Amino acid sequence: MNFIDKINSSCTLLSDGATGTFLQTRGLEPGGCPELMNVENEDAVIEMAQGYFDSGSDFVLTNTFGGSPFMLKKYGHEEKIHEFNKAGAKLAKSVCPKDKFVFGSIGPTGEFLKPLGNVSEEEMSDGFKKQINGLLEGGVDGIIFETQMAIEELVLGIKTAKLITNLPVIGSMVFDKGPRGFFTMMGVSPEQAANEIYNAGADIVATNCGNGSEIMSELSKELISHSKLPVMIQSNAGIPKIVKGKVIYDEKPDFMAKNYKKIIGYGASIIGGCCGTSFEHIKRFKKLLNEND
């Protein structure tokens with residue numbers, strides 16, 4: 001059964017948890033390049049994918065969030081786009097059970113399109129193509145544009161992906177709650193996001209990062225109500241706090257599960273974790289899904 005058939009079979013699917021939080025426990029230094037680990041610390045990247053699959057994830061994301069030419073340039077690795085993305089995909093696929101999936105992760109470019117920024121649509125689209133081609137060569141089963149704030153960048157990414165492949169594409173944005181409700185940093189509402197992601201040709205609308213599970217349950221209700229597509233929700237394990245110089249996410253698996261129960265009730269097609277979530281969180285979400293069956 002392919003991924004879209006699974007989504008349409010009405011069972012809620014489970015994605016993975018945090019990437020950066022895990023890799024930091026395996027030697028990724030603050031400010032280091034996570035994608036470099038795809039070639040220099042393969043064991044850690046494989047351990048992460050294996051751990052999430054073993055914890056119950058139906059699909060995991062590749063360690064390629066910052067694998068665009070724009071982000072890799074900051075580390076002096078812009079020539080390694082294809083290598084890093086292909087390697088990230090191959091590592092996750094190497095431990096992927098036959099009834100499960102790997103999605104290629106594409107994070108924000110960190111740039112703005114003209115006239116707001118300096119990058120043309122052609123340049124940004126070309127960057128997406130390079131990253132996507134590496135992921136496809138590594139064998140991914142789909143593409144996710146995640147933690148996006150600018151709808152123009154996300155729409156361009158989705159359209160670029162759909163020109164290259166007919167694999168499923170997920171578009172995920174970060175929303176903050178303010179006095180007027182939920183908006184991205186660039187002023188995009190959940191309703192606008194749901195409509196534009198749908199019109200761009202994506203297969204799944206999503207939100208990730210930025211919020212703990214209580215706020216995320218509220219946001220999920222709104223996003224699901226506006227979406228013509230299946231919806232995916234990935235919450236942080238709370239808002240990060242600095243304790244003794246370390247970043248701590250303090251939402252425990254049981255606490256998140258209570259809010260995820262509401263999210264499933266609102267009709268989310270996929271749940272998963274973002275920053276601060278671990279194998280233990282994913283195991284707890286799997287248990288929740290089993291209780292709901």
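Keep in mind it's a predicted model, so treat the numbers as computed, not measured.

K.L.:
Could you give an account of the overall build of the protein chain, with specific residues and numbers?
P.N.:
Of regular secondary structure, the protein chain possesses 12 helices and 12 strands. When the 293 residues of the protein chain are sorted by exposure, 54% land in the buried category. The long-range share in the protein chain, meaning contacts at least 24 apart out of those at least 6 apart in sequence, stands at 76%. Here the protein chain displays about 12900 Å² of accessible surface, and carbon together with sulfur accounts for 51% of that area. Averaging the coordinates of the 30 positive side-chain charges in the protein chain and doing the same for the 37 negative ones gives two points 5 Å apart.

K.L.:
Summarise unusual backbone geometry; cite the residues concerned and give the values.
P.N.:
Along the chain, Lys114 connects to Pro115 via a cis peptide bond; the corresponding omega equals 5°. With respect to the helices, strands and loops of the structure, Pro115 is situated in the loop between strand 3 (101–106) and helix 7 (121–137). A positive phi angle, close to 65°, is found at Cys209, a residue other than glycine. Cys209 sits in the buried class, given a relative accessible area of 15%. The phi angle at Lys244 is positive, at roughly 50°, despite the residue not being glycine. Tracing the chain through its elements places Lys244 in the loop between strand 10 (241–243) and strand 11 (246–248).

K.L.:
An account of the sheet that holds strand 9 (residues 231–235) is requested, with residue identities and associated values reported.
P.N.:
Pairing in this open sheet of 8 strands is parallel, and the strands run 1-12-9-8-5-4-3-2 from one edge to the other. The open sheet terminates on both sides in strands that have one partner only, identified here as strand 1 (13–14) and strand 2 (59–61). Direction of pairing for strand 9 relative to strand 12 (residues 270–273): parallel, over a ladder of 4 bridges. Note on strand 12: the bridge partner recorded for Ile233 is Ile271. Each of strand 2 and strand 3 touches helix 4 (residues 42–55); the most contacted strand, strand 2, lies at about 150° to it.

K.L.:
Summarise helix 11 (residues 253–266); cite the residues concerned and give the values.
P.N.:
Think of an α-helix as 3.6 residues a turn; residues three or four steps apart then line up on the same face. Over its 14 residues, helix 11 runs 20 Å from end to end, which matches the ideal 20 Å to within 8%, given 1.5 Å per residue. The largest bend in helix 11 amounts to roughly 25° and is located at Asn259. Regarding helix 11, the residues found buried are Pro253, Met256, Ala257, Asn259, Tyr260, Ile263 and Ile264. On its buried face, helix 11 sits against helix 10 (213–226), strand 9, strand 12 and helix 12 (279–292). Once helix 11 ends, the next one or two residues include Gly267, with phi positive near 110°.

K.L.:
Kindly report on the nonpolar core, identifying the contributing residues and their values.
P.N.:
Counting residues in each nonpolar core, the largest one holds 65 residues, and the members touching the most others are Leu23, Ile143, Phe145, Ile158, Met173, Ile197 and Ile271. Setting aside residues up to four positions removed in sequence, Met173 forms contacts with Gln148, Met149, Ala150, Ile151, Leu154, Thr184, Val188, Ala193, Ile197, Ala206, Thr207 and Asn208. One finds Leu61, Phe103, Ile204 and Met232 within the second-largest nonpolar core, a separate group that totals 13 residues.

K.L.:
Outline the packing of aromatic side chains, listing residues and values.
P.N.:
Per the counting criterion, the structure on display carries 8 aromatic pairs. Summarising the aromatic geometry, the rings of Phe3 and Phe59 are spaced 5.2 Å apart at their centres and angled 85° between planes, so their arrangement reads as edge-to-face. Within this pair, whereas Phe3 is found in helix 1 (residues 3–8), its partner Phe59 is found in strand 2, the two being separated by 56 residues in sequence. Note on Phe3: relative accessible area 2%, which makes it buried. Aromatic side chains Tyr52 and Phe279 sit 4.9 Å apart centroid to centroid with 85° between the ring planes, which places their arrangement in the edge-to-face category. Within this pair, whereas Tyr52 is found in helix 4, its partner Phe279 is found in helix 12, the two being separated by 227 residues in sequence. Between the NZ or CZ atom of Arg180 and the centre of the ring of Phe183, over which it lies, the distance is 4.5 Å.

K.L.:
Any details on the pattern of salt bridges? Residues and values, ideally.
P.N.:
Side chains that differ in sign of charge can pair as their charged atoms come close. One pass over the structure, following the stated rule, counts 9 salt bridges. Note that Glu280 and Lys283 form a salt bridge whose closest N and O atoms lie 3.3 Å from each other. In this pair, Glu280 and Lys283 are both assigned in helix 12, 3 residues apart and thus about one turn of the helix distant. Overall, Glu280 belongs to the partly exposed group, its relative accessible area being 45%. Residue Lys283 is classed as partly exposed on the basis of its relative accessible area, which comes to 41%.

How each quantity is defined
- Residues numbered from 1 in each chain as written.
- Predicted model: local features only at pLDDT ≥ 70, side-chain atom pairs only at ≥ 80, totals over all residues.
- Heavy atoms only, no water.
- Helix = DSSP H or I, 4+ residues; strand = E, 2+ residues; numbered from the N terminus.
- Buried < 20%, exposed > 50% of the residue type's maximum accessible area, 1.4 Å probe, protein only.
- Contact = heavy atoms within 4.5 Å.
- Areas by Shrake-Rupley, 256 points an atom, 1.4 Å probe, with all protein chains shown as cover.
- Lys, Arg positive; Asp, Glu negative; His and termini not counted.
- Charge placed at Lys NZ, Arg CZ, Asp CG, Glu CD.
- Pairing = 2+ DSSP bridges.
- Axes fitted to C-alpha atoms, helices over the stretch in contact; angles between N-to-C directions.
- Expected span 1.5 Å × (residues − 1).
- Bend = angle between axes of the 7 residues up to and from the residue.
- Core = buried A, V, L, I, M, F, W, Y, C linked by side-chain atoms within 4.5 Å.
- Phe/Tyr/Trp six-rings, centres within 6.5 Å; stacked < 30°, edge-to-face > 60°.
- Lys NZ or Arg CZ within 6 Å of the ring centre and 35° of its normal.
- Salt bridge = Lys/Arg side-chain N within 4 Å of Asp/Glu carboxyl O.

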